[in-house]
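Structural description and commentary
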Amino acid sequence: ETLPEEVSGTAKPFGWELFRGSAAIARARGANPAYVISPGDKVAVQVWGAKTAEYVLTVDLQGNLFIPEVGPVSVAGIPQSELTSRISRAVARIYTNRVRVYTNLLNTQPIGVYVTGAVSKPGRYAGERTDSLLYYIGQAGGIDLKRGSFRDVRLLRGGREIEQIDLYRFLLRGELPTPQLRNNDTLVIGPLRATLTVGGAVRNAYIFEIGPRGATGQAVISMAEPLPDVSHVQIRGVRAGRPYNAYITIDQFRSARLVDGDTLVFQSDMVGDTIFVTVSGQESGPSSFAVPRGTMLSQVLDIVAVDPNTANTA
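First, a word on what this report is: a plain description of the structure on this page. (Residues numbered from 1 in each chain as written. Predicted model: local features only at pLDDT ≥ 70, side-chain atom pairs only at ≥ 80, totals over all residues. Heavy atoms only, no water.)

**Some words on the pattern of salt bridges**
According to the stated counting rule, one finds 10 salt bridges in the structure shown. Residue Glu69 pairs with Lys51 through a salt bridge whose shortest N-O separation is 3.5 Å. Of this pair, Glu69 sits in the loop between strand 3 (64–67) and strand 4 (71–74) while Lys51 sits in the loop between strand 1 (42–49) and strand 2 (53–58); the two residues are 18 residues apart in sequence, bridging distant segments of the chain. Judged by its relative accessible area of 56%, Glu69 is exposed. A residue is classified by how much of its surface remains accessible, and Lys51, at 17% relative accessible area, is buried. The partner of Arg169 in a salt bridge is Glu175, and the shortest N-O contact between them spans 3.2 Å. On the basis of relative accessible area, Arg169 is assigned to the partly exposed category, the value being 39%. (Salt bridge = Lys/Arg side-chain N within 4 Å of Asp/Glu carboxyl O. Helix = DSSP H or I, 4+ residues; strand = E, 2+ residues; numbered from the N terminus. Buried < 20%, exposed > 50% of the residue type's maximum accessible area, 1.4 Å probe, protein only.)

**Focus on helix 5 (residues 217–224)**
Within helix 5, the full set of buried residues consists of Gly217, Val220, Ile221, Met223 and Ala224. All buried residues of helix 5 fall inside an arc of 165 degrees around its axis, so they share one side. Just past helix 5, the residue Glu225 takes up positive phi, approximately 55 degrees. (Arc of directions from axis to C-beta.)

**Points about the sheet that holds strand 9 (residues 160–165)**
If you trace the 5 strands from one edge of the open sheet to the other, you get 7-6-10-8-9, paired in mixed fashion. One side of each edge strand has no neighbouring strand; the edge strands of this open sheet are strand 7 (123–128) and strand 9. Going from strand to strand, the sheet's axes swing by 30 degrees on average, the running direction of each strand aside. The sheet contact formed by strand 6 (residues 110–117) and strand 7 spans 6 bridges and is antiparallel. For Gly112, the partnering residue across the bridge sits in strand 7 and is Ala126. (Pairing = 2+ DSSP bridges. Axes fitted to C-alpha atoms, helices over the stretch in contact; angles between N-to-C directions.)

Written out as structure tokens, the structure reads:
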């Protein structure tokens, strides 16, 4: 009778570990082929072959890299993956002999991003365009577990919503949106949604956020990942202002409608068709037998190998 209360008292919000270490708030390093070149970015350009030269250039306010003896090359707005080919074509127009080009994005223009809503330390935080949204949320102390939502992170630009991010997609499937942030963008952490508390025979025993209209049992199964031998689910909550209790099979649970405040306990409660019987003492054959449930003692004795000279089965 006390199992659901114990679950409620020990469960933590799903995703609570995300901002409790240095991994999520680490700076982005290394190449990002999708990064869009912007004014202020620094690029190393190496040319070899018929022409040999090395340059460290900055993208100007017009979005150009000015390459000596070649002239301005428009690069702003293209992904980093296209940078080498764009400059190679410009160089080839001047040096028609065999010339090769290599580029390397050295660093990007620093930006400041506002983080507000249900975070521990709202404010404006410095970073780079290549830094992930997790970095900026981590700088603000992470999502407040008592009042913040992991499923409602909004990116605003100029007061207009650009994207809404559900961090459950990252926590469950490793899918993290990578919007390229701009100076003075705002990340807003929305308020905590309706929740369910899940415990018992599951791989993910947490407090999960659900939508305002509740959730189906199948949606909870996909998040909680019950163990293979789960057969039943205990549901405790409130319906129409009155306490609600149910104990249903896992198949019935898939279509069940769940609401804010429900506590779910997944249980392995299936009765097997067979039982094990272990034999000790005077026997000369196997020591364990799998027999149908309800087998009589006399039936077991019929299959136990004994030496009649030393054992008395009567």
